[in-house]
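Read off the chains here:
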Amino acid sequence: MPHLPVPGELGQGLSCPRSTGHHVGGPELPCPSQASWKKPPTASFCLRSSDSACGPRGSRCLDPNPPELDRPCLGEMKTQAGWRPQLPRVRRRWLFPALSGFLFLFSVVMTGCFLWQYQLPKLPTGSSGPEVTSAPVRMCPRHPEPVPLAHPLPVLKEALEKVDRILRQAMSAPGLAAMSAVVIHNDTVLWTGNFGKKNGSDPNSGTPNEYTMYRISSISKVFPVLMLYRLWEEGTVASLDDPLERYASTFTIRNPLGLMDGLEEVGPAPRPSPVTLRRMASQLSGLPRRLRSTSLLWRGSTQEALSLLKDDVLVVDPGTRCHYSTMAFSLLAHVLAAHTPQGDYQRWISENVLEPLGMGDTGFDLTPSVRARLAAGFYGSGRPAPLYDLGWYRPSGQMYSTPADLAKLAMALLGSGPQRLLRPDAAKTLLAPLLACPGAYFANETGTPWEFHAQRGYRVVRKDGDLDGYAATFSLVPPLRLGLVLLLAGPRPPGPDLVAQAYDVLLPAMERALREAERSPAPPPSARPFAGYFTFANRTFYQVHAGPAGELRLRQFGPRVEALVPPAFRTLALRHVRGRVFQLHVAREFPCALPLGDAWLSLEAQHGQLVNFYPLDGHGLSPGFDVPGLNTYQVLRVQHKPAFKAQ
């Protein structure tokens with residue numbers, strides 16, 4: 001499309017040299033001399049060459065009608081007698097249709113815009129602008145305090161009825177003959193459910209109960225880990241991160257993926273193995289799933305197992321990726337047992353775990369009396385599953401138990417039962433995740449020996465097991481002191497995971513029940529030593545006073561506080577811990593942070609902080625207090641209530 005010049009372009013002196021002119025669209029013509037100029041009947045245009053400016057290398061003359069006209073380049077137009085250069089004109093016969101088409105399209109577009117505006121939502125009468133929807137406020141504390149509950153509670157009763165329906169409907173799955181489940185909170189069994197028949201091939205068989213035995217397969221792996229932690233507490237194991245060869249001197253295995261294995265050793269000192277006790281207990285050891293050329297029925301010795309490992313390789317670099325290893329737990333159990341007075345793994349577990357917890361229906365040996373109490377296991381095809389012995393792999397999957405016994409274990413691990421297996425710090429370490437697992441792994445995170453699954457804002461601590469004819473899940477939610485045990489005689493039903501479905505119902509119900517039942521702050525023996533007015537550097541002011549039940553309350557006041565802080569959050573409860581130490585308690589549920597002008601007040605940071613009052617003076621009053629967790633010291637008592645000048 002030709003470029004239509006604008007008036008400003010005509011006076012810019014872009015001349016076209018006569019000697020190098022080119023005519024585009026016809027035979028090459030030289031630019032004419034001034035003597036041959038005529039008034040052109042139609043417009044012609046001189047365009048700059050695409051590869052250079054109009055100058056020494058020339059320009060191109062574009063003429064729509066070259067055979068008929070002898071025309072000048074616009075750059076050389078000069079005033080002649082009887083003729084003045086004019087702007088080129090477009091042929092008039094196209095002007096009216098083009099203008100009409102443009103006006104028609106413009107009217108269509110404007111009509112469409114009007115209809116679109118008409119359909120938009122209208123502001124209410126008197127509204128000054130659109131309503132702004134703020135981002136959802138994050139509420140704290142994230143998890144409610146696991147206080148004792150008075151049962152039955154309607155919200156829990158309804159949730160447990162839903163769990164009953166979920167499990168009952170699953171009994172239609174192929175090969176599933178029997179199922180038992182138990183829900184635990186703190187030291188209480190909230191609910192038990194038993195479905196199907198103890199022996200699915202016997203029409204006269206009764207329904208299982210909480211004392212029916214099931215094979216618990218990989219839940220057996222919990223017990224070697226308990227042994228590791230107990231020996232660590234007792235000092236037999238110096239560190240959870242000790243290398244395995246410290247306790248099994250002949251252990252060695254090649255690590256082609258490790259960073260150090262391609263280097264030559266320097267000096268006589270042996271290089272420690274990256275296969276540590278903690279990694280063996282958490283699917284992070286990199287050891288193969290089983291010993292080379294063995295099955296689960298292998299009956300060799302631990303020394304034979306160590307010999308087989310010498311010619312094997314690690315599957316992954318230890319500590320870098322989750323990889324399931326049945327062999328790691330059996331090797332850990334047998335090696336550690338050799339360093340105990342019993343010298344035998346099963347005997348140590350019986351004396352140190354099962355007997356103290358009263359788990360008399362849990363064990364390893366499938367004796368005739370045990371077989372008589374076992375729920376009969378089946379394959380998905382309906383064929384009965386054999387009861388075989390795992391031999392050297394017993395620590396990883398041989399055990400049997402009952403719902404009642406596993407409920408006792410759950411209470412002990414939650415720290416709620418009458419008998420504790422580990423000190424609180426060791427139990428907390430036991431239930432902590434170690435590494436996030438990739439998407440291909442069946443859990444979000446791995447621990448000792450747990451698989452962690454994220455669900456509704458909680459980490460569900462699980463150990464699942466599947467063995468011919470049986471399936472089992474042992475699970476805990478420590479922040480809620482909640483546990484669920486599920487034992488099946490038959491394969492897991494296809495489709496959504498039963499345990500996840502149950503927790504989808506239980507978690508919100510338990511959270512609501514705990515928030516509604518949250519206990520009131522404990523009062524001190526006397527409020528008088530701590531009551532009064534206090535100030536921090538004469539900038540922040542507090543009043544400590546007794547509440548209706550004798551509990552202490554800490555109120556912050558002053559002009560700035562009253563201007564910025566909502567009344568509901570100016571007063572915090574002081575829960576008495578012991579002596580002169582109290583704990584700040586914001587509320588049952590509160591926004592994690594409050595906007596204060598251009599800043600934010602973190603209520604989450606204040607909740608749970610310790611307030612340490614100073615020793616009492618001669619008048620029996622505490623002169624002040626510190627809040628070390630908030631880096632606040634020397635909050636001192638004042639004799640009278642501060643008065644503030646009117647602003």
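Remember, predicted model here, so these are calculated numbers, not experimental data.

A complete count under the given rule lists two disulfides for this structure. In this model cysteine 140 forms its disulfide with cysteine 592; the gap between the sulfur atoms is 2.0 Å. Handedness of the cysteine 140-cysteine 592 disulfide follows from its S-S torsion of about 100°: it is right-handed. One end of the pair, cysteine 140, is in strand β4 (residues 139-140); the other, cysteine 592, is in the loop between β20 (590-591) and β21 (593-596), with 452 residues separating them in the sequence. Judged by relative accessible area, which is 1%, cysteine 140 ranks as buried. Residue pairing for cysteine 322: its cysteine sulfur links by disulfide to cysteine 437, the two sulfurs lying 2.1 Å apart.

The sheet built from eight strands is open, its strands ordered β6-β5-β14-β13-β12-β11-β10-β9 with antiparallel pairing. Only two strands of the sheet have a single partner each, and these edge strands are β6 (188-196) and β9 (433-436). Looking at each pair of strands side by side, their axes are set apart by 25° on average, direction ignored. Here strand β5 (residues 178-185) pairs with β6 via eight bridges, running antiparallel. Each bridged residue has a counterpart across the sheet, and for isoleucine 184 the counterpart in β6 is valine 189.

What follows deals with the side chain of serine 285. Along the polypeptide, serine 285 turns up in the loop between α4 (277-280) and α5 (302-310). Classification of serine 285 as buried rests on a relative accessible area of 1%. In this structure the side chain of serine 285 is engaged in a polar contact, spanning 3.1 Å, whose partner is the backbone nitrogen of leucine 287. Each residue touching serine 285, except ones within four places of it in the same chain, is listed here: Val275, Arg279, Met280, Leu314, Pro318 and Ala328.

Attention now moves to the environment of leucine 240. Counting through the fold element by element, leucine 240 comes out in the loop between α3 (222-234) and α4. In this structure the C-alpha to C-alpha distance between leucine 240 and arginine 279, which are 39 residues apart in sequence, comes to 8.7 Å. Setting aside residues no more than four positions away along its own chain, leucine 240 makes contact with Leu228, Tyr229, Trp232, Thr276, Leu277, Arg278 and Thr429.

Overall, the predicted model of the protein chain reaches an average pLDDT of 83, with 79% of residues at or above 70. Low pLDDT, under 50, characterises residues 260-265; the stretch is placed with five contacts to residues that sit more than four places away or in other chains.

Turning our eyes to something else, we now look at the environment of leucine 226. Tracing the chain through its elements places leucine 226 in helix α3. Linking leucine 226 and proline 449, residues 223 residues apart in sequence, is a C-alpha distance of 9.4 Å. Beyond its immediate chain neighbours, meaning those up to four positions away, leucine 226 contacts Trp348, Val353, Leu409, Leu413, Leu421, Leu422 and Leu430.

As a further point, take the nonpolar core. Core analysis: the biggest nonpolar cluster contains 85 residues, and Phe223, Leu226, Leu409 and Phe474 have the highest contact counts within it. Among the elements that take part in this core, helix α6 (residues 326-337) stands out by supplying nine residues, more than any other. Once residues lying within four places of it in the same chain are set aside, the contact partners of leucine 409 are Phe223, Leu226, Leu357, Met359, Leu421 and Phe474. By size, the runner-up hydrophobic cluster in this structure holds 39 residues, among which are Leu160, Val163, Tyr458 and Ala513.

For strand β12 (residues 458-467), the tally of buried residues reaches eight of ten residues, placing the bulk of the element in the interior. The pairing of strand β11 (residues 451-455) with β12 spans five bridges and is classified as antiparallel. In the sheet register, glutamate 451 faces β12, and the bridge partner there is arginine 462. The turn linking β11 back onto β12 is made up of two residues, and arginine 456 within it adopts a positive phi angle of 50°. Sheet topology note: the β12/strand β13 (residues 470-477) ladder contains seven bridges and is antiparallel. Counterpart to aspartate 466 in the pairing with β13 is alanine 471. Counted between consecutive antiparallel strands, the loop separating β12 from β13 contains two residues, among which glycine 469 sits at a positive phi close to 85°.

On to the sheet that holds strand β19 (residues 581-585), then. Here eight strands make up a closed barrel; going around it, the order is β15-β16-β17-β18-β19-β23-β24-β25 and the pairing antiparallel. Put simply, the sheet's adjacent strands are angled 30° from each other on average, direction ignored. Where β19 lies against strand β23 (residues 610-613), three bridges are found, and the strand directions are antiparallel. Residue pairing in the sheet places glutamine 583 in a bridge with leucine 610 of β23.

Counted under the stated rule, the structure contains 18 aromatic pairs. When the ring of tyrosine 229 is compared with that of tryptophan 232, the centres are 5.8 Å apart and the planes differ by 85°; the resulting orientation is edge-to-face. Note that tyrosine 229 and tryptophan 232 are positioned in helix α3 at a spacing of three residues, about one turn of the helix. Seen from their ring centres, tyrosine 324 and phenylalanine 442 are 6.1 Å apart, and the 55° between their planes marks the pair as tilted. Pair noted here: tyrosine 324 is in the loop between α5 and α6 and phenylalanine 442 is in the loop between β9 and β10 (445-447), with a separation of 118 residues, a long-range link. Tyrosine 324 sits in the buried class, given a relative accessible area of 11%. Three or more aromatic residues joined by ring pairs form one cluster here, namely Phe530, Phe534, Tyr542, Phe582, Phe613 and Phe625. The ring of tyrosine 388 has arginine 215 lying over it, and the distance from NZ or CZ to the ring centre is 5.9 Å.

At their nearest, the axes of α3 and helix α7 (residues 345-357) sit 11 Å apart, and the two run at 75° to each other. Taken together, the axes of α3 and α7 lie roughly perpendicular to each other. Residues Phe223, Pro224, Leu226, Met227, Arg230 and Leu231 of α3 lie in contact with α7, whose contacting residues are Tyr345, Trp348, Ile349, Asn352, Val353 and Leu354. Grouping the constituent residues of the contact of α3 with α7 by class yields ten nonpolar, one polar and one charged.

For the rest of this paragraph, the subject is α7. Residues spaced three or four apart along an α-helix point in a common direction, a consequence of the helix completing one turn every 3.6 residues. If you check α7, its first and last C-alpha atoms are 17 Å apart, about what 13 residues at 1.5 Å a residue would give, namely 18 Å. Bending of α7 peaks at approximately 35° at the position of glutamate 351. Buried residues along α7 sit in contact with α3, α6, α9 (394-397) and α10 (403-413). One side-chain oxygen of the residue at the start of α7 lies 3.3 Å from the amide nitrogen of glutamine 346, identifying that residue as aspartate 344. Backbone geometry just after α7 places glycine 358 at a positive phi near 70°.

Criteria and cut-off values
Residues numbered from 1 in each chain as written. Predicted model: local features only at pLDDT ≥ 70, side-chain atom pairs only at ≥ 80, totals over all residues. Heavy atoms only, no water. Disulfide = S-S within 2.5 Å. Helix = DSSP H or I, 4+ residues; strand = E, 2+ residues; numbered from the N terminus. Buried < 20%, exposed > 50% of the residue type's maximum accessible area, 1.4 Å probe, protein only. Pairing = 2+ DSSP bridges. Axes fitted to C-alpha atoms, helices over the stretch in contact; angles between N-to-C directions. Polar contact = N/O pair within 3.5 Å; in protein donor to acceptor, adjacent residues only side chain to side chain. Contact = heavy atoms within 4.5 Å. pLDDT = per-residue confidence, 0-100. Core = buried A, V, L, I, M, F, W, Y, C linked by side-chain atoms within 4.5 Å. Phe/Tyr/Trp six-rings, centres within 6.5 Å; stacked < 30°, edge-to-face > 60°. Lys NZ or Arg CZ within 6 Å of the ring centre and 35° of its normal. Parallel < 35°, antiparallel > 145°, perpendicular 65-115°, else oblique. Nonpolar A, V, L, I, M, F, W, Y, C, P; charged D, E, K, R; others polar. Expected span 1.5 Å × (residues − 1). Bend = angle between axes of the 7 residues up to and from the residue.

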